[in-house]
Amino acid sequence: MELTHRPRRLRRTAQIRRLVREHTLTTADLIYPVFVMEGEDQAQEVPSMPDCYRYTLDRLILELKEVDALGIGAIALFPLVPEHLKDNAGTESYNPEGLVQRSVRAIKEVLPDLLIFTDVALDPYSSEGHDGIVKDGEILNDETVEVLVKQAVSQAAAGADFVAPSDMMDGRVGAIRAGLDAAGYTHVGILAYSAKYASAYYGPFRDALDSAPKFGDKKTYQMDPANVREAVREVSFDIEEGADMVMVKPALAYMDVIAQLKQVSNVPVAAYNVSGEYAMVKAAARNGWIDEKKVVLETLLGFKRAGADVILTYHAKQVAQWLQEGLN
Ligand code: PBG
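Residues numbered from 1 in each chain as written. Predicted model: local features only at pLDDT ≥ 70, side-chain atom pairs only at ≥ 80, totals over all residues. Heavy atoms only, no water.

A short note on the overall build of the protein chain
Item 1. Looking only at helices and strands, one finds 11 helices and 12 strands in the protein chain.
Item 2. Across its three principal directions, the C-alpha atoms of the protein chain cover 70 × 45 × 40 Å.
Item 3. Among the 328 residues that make up the protein chain, the fraction classed as buried is 53%.
Item 4. Counting only carbon and sulfur atoms, one obtains 50% of the accessible surface of the protein chain, whose full area is about 15200 Å².
Item 5. Averaging the positions of the 35 positive and the 48 negative side-chain charges in the protein chain gives two centres separated by 10 Å. (Helix = DSSP H or I, 4+ residues; strand = E, 2+ residues; numbered from the N terminus. Buried < 20%, exposed > 50% of the residue type's maximum accessible area, 1.4 Å probe, protein only. Areas by Shrake-Rupley, 256 points an atom, 1.4 Å probe, with all protein chains shown as cover. Lys, Arg positive; Asp, Glu negative; His and termini not counted. Charge placed at Lys NZ, Arg CZ, Asp CG, Glu CD.)

Quick look at the structure:
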């Protein structure tokens, strides 16, 4: 055949492919979500998330020393809150001696450079398992935002580098920014879960934190999976209100959303490779049905290609190890 174009020339050898590669995945892109619980010297594997543990603070610090040594620069911290500390208003969320606040202080003492992103939302603290205060079966917006501001300020006081509101209440980014600034935490950033969908992929996470809603679902605050223009709207509000970074969550079924938000956002875009996505890969890999390493690296590279600047993933530690071993 007489062909003018033979695109395969650029795929002929590994060296050529490396030269013309458009996107890369590095350890610097990763945020590692971790679960902390009360107690001493314990680690409990999350049943629906193989190889992922809830740690007591002492054990978490040992784990984070390894994570830091692997070059992972950031963690997202989630607490398992004892049932007796939960109430409808999530009061424990802003206790200066709460599990998250104590954990942030302790981690910063040992690993001062490791960036800590704290989750701002009421669900781990809520007796109703919702991200906001419940009244007559409804999730109150403005009353919830007042609590979220207190929660964010207490996390900043403990030493969090970024607060990450994952609750999807209206106006919370602006209120949190104002609250942080008024309290003197102008240097603390906001990673806004801007396009957070009402997703079935969060199931294993809710097992990990025992935080599933006690009634109903989260569809009056988390987004409808059918919508993408709404995501653009949410992101533009959050940026106007002062978000330093925005997020799409989940990631895998929402790559088009990542790509679109990358076009309209002038701040970094994060993608959250959520618990259900992790569980599916682990389950298939354990059955010998897929090659875990290849599938994980391909998936995360896909998030980069779609436009993600930052990836939150439970695979982070493993990925950092794989990247250290070198790819081909
Ligand atoms: C809570 C929160 C959730 C996740 C992160 N923060 C669950 C939810 O909204 O129900 C899910 C993370 C995951 O599935 O990995 N505000």
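What follows picks up the thread again.
A short note on the nonpolar core
The nonpolar side chains of a soluble globular protein tend to be buried with one another.
Item 1. By size, the foremost hydrophobic cluster in this structure holds 76 residues, and its most contacted members are L64, I107, I258 and V319.
Item 2. Examining the composition of this core, we find that 7 residues originate from one element, helix 4 (residues 142-158), more than from any other.
Item 3. Once you skip the residues sitting within four places of it in the chain, I107 turns out to touch L57, L60, I61, L64, I75, P112, L114 and I116.
Item 4. The next biggest cluster of nonpolar side chains, apart from the first, holds 28 residues, and it includes F117, L191, Y202 and L209. (Core = buried A, V, L, I, M, F, W, Y, C linked by side-chain atoms within 4.5 Å. Contact = heavy atoms within 4.5 Å.)

Comments concerning helix 5 (residues 172-182)
Item 1. Those residues of helix 5 that sit buried are R172, V173, I176, R177, G179 and L180. Looking straight down helix 5, one finds that the buried residues subtend no more than 165 degrees of arc, so they occupy a single side.
Item 2. Turning to helix 5, the residues buried within the fold contact strand 5 (115-120), helix 4, strand 8 (162-165), strand 9 (189-196) and helix 7 (229-241).
Item 3. Directly beyond the C-terminal end of helix 5, a positive phi value near 90 degrees is found at G184. (Arc of directions from axis to C-beta.)

Some points on the UniProt feature "binding site: Mg(2+)" (unreviewed entry) in the protein chain
Item 1. Feature annotation in UniProt assigns "binding site: Mg(2+)" (unreviewed entry) to the following positions: E234.
Item 2. For E234, a relative accessible area of 16% gives the class buried.
Item 3. Look past the residues within four positions of E234 in its chain and what remains in contact with it is M168, S194 and M223. (UniProt positions renumbered as here; feature names shortened; annotations may be inferred.)

Concerning the site of the ligand
Item 1. Taken together, 18 residues form the shell around the ligand, and within it K196, R206, K249, S275 and Y314 come nearest.
Item 2. Side-chain polar atom of K196 to an oxygen atom of the ligand: 2.6 Å apart, as the coordinates give it.
Item 3. Between an oxygen atom of the ligand and a side-chain N or O atom of S275, the distance comes to 2.7 Å.
Item 4. Split into classes, the residues belonging to the shell around the ligand amount to 8 nonpolar, 3 polar and 7 charged. (Near = heavy atom within 4 Å. Polar contact = N/O pair within 3.5 Å; in protein donor to acceptor, adjacent residues only side chain to side chain. Nonpolar A, V, L, I, M, F, W, Y, C, P; charged D, E, K, R; others polar.)

Some words on the pairing of strand 12 (residues 310-313)
Item 1. Residues V310 and L312 of strand 12 are buried on one face, and the alternating residues I311 and T313, pointing to the opposite face, are buried as well.
Item 2. In terms of strand pairing, strand 1 (residues 30-37) meets strand 12 through 2 bridges, oriented parallel. Counterpart to L30 in the pairing with strand 12 is I311. (Pairing = 2+ DSSP bridges.)

Some details on the packing of helix 2 (residues 57-69) against helix 3 (residues 99-110)
Item 1. Remark: helix 2 packs on helix 3, axes separated minimally by 10 Å, with the N-to-C direction vectors making an angle of 40 degrees. As judged from the angle between their axes, helix 2 and helix 3 are oblique. Crossing of helix 2 against helix 3: the hand is right-handed. On helix 3, the residues that touch L57, L60, I61, L64 and K65 of helix 2 are R102, S103, A106, I107 and V110. (Axes fitted to C-alpha atoms, helices over the stretch in contact; angles between N-to-C directions. Parallel < 35°, antiparallel > 145°, perpendicular 65-115°, else oblique. Left-handed = near helix turned anticlockwise from the far one by under 90°.)

As for the UniProt feature "active site" (unreviewed entry) in the protein chain
Item 1. Mapped onto the present numbering, the UniProt feature "active site" (unreviewed entry) falls on K196 and K249. These residues run over 54 residues, yet every pair of their C-alpha atoms falls within 4.9 Å of each other.
Item 2. Position of K196 relative to the elements: it lies in strand 9.
Item 3. Excluding residues that lie within four positions of it along the chain, K196 makes contacts with D131, S166, M168, Y202, Q222, M223 and K249.
Item 4. Mapped onto the elements, K249 comes out in strand 10 (residues 245-249).
Item 5. When near neighbours in sequence (up to four residues on either side) are disregarded, K249 contacts Y193, A195, K196, Y197, Y202, Y272 and V274.

Observations concerning the environment of A74
Item 1. By secondary structure assignment, the location of A74 is in strand 4 (residues 74-79).
Item 2. The spatial distance from the C-alpha of A74 to the C-alpha of I116 is 5.9 Å, given a sequence separation of 42 residues.

A word on the pattern of salt bridges
Pairing is possible between side chains that carry opposite charge, provided their charged atoms lie close to one another.
Item 1. If you walk through the whole model with that rule in mind, you get 20 salt bridges.
Item 2. The closest approach of N and O atoms between R172 and D238, which form a salt bridge, is 3.5 Å. Taken together, the residues R172 in helix 5 and D238 in helix 7 connect sequence positions 66 residues apart.
Item 3. Classification of D238 as buried rests on a relative accessible area of 3%.
Item 4. Linking K294 and D291 is a salt bridge whose minimum nitrogen-to-oxygen distance equals 3.9 Å.
Item 5. Residue class for K294 comes out exposed when judged on its relative accessible area of 57%.
Item 6. Because the salt bridges share partners, they merge into one network encompassing D51, K282, R286 and E292. (Salt bridge = Lys/Arg side-chain N within 4 Å of Asp/Glu carboxyl O.)

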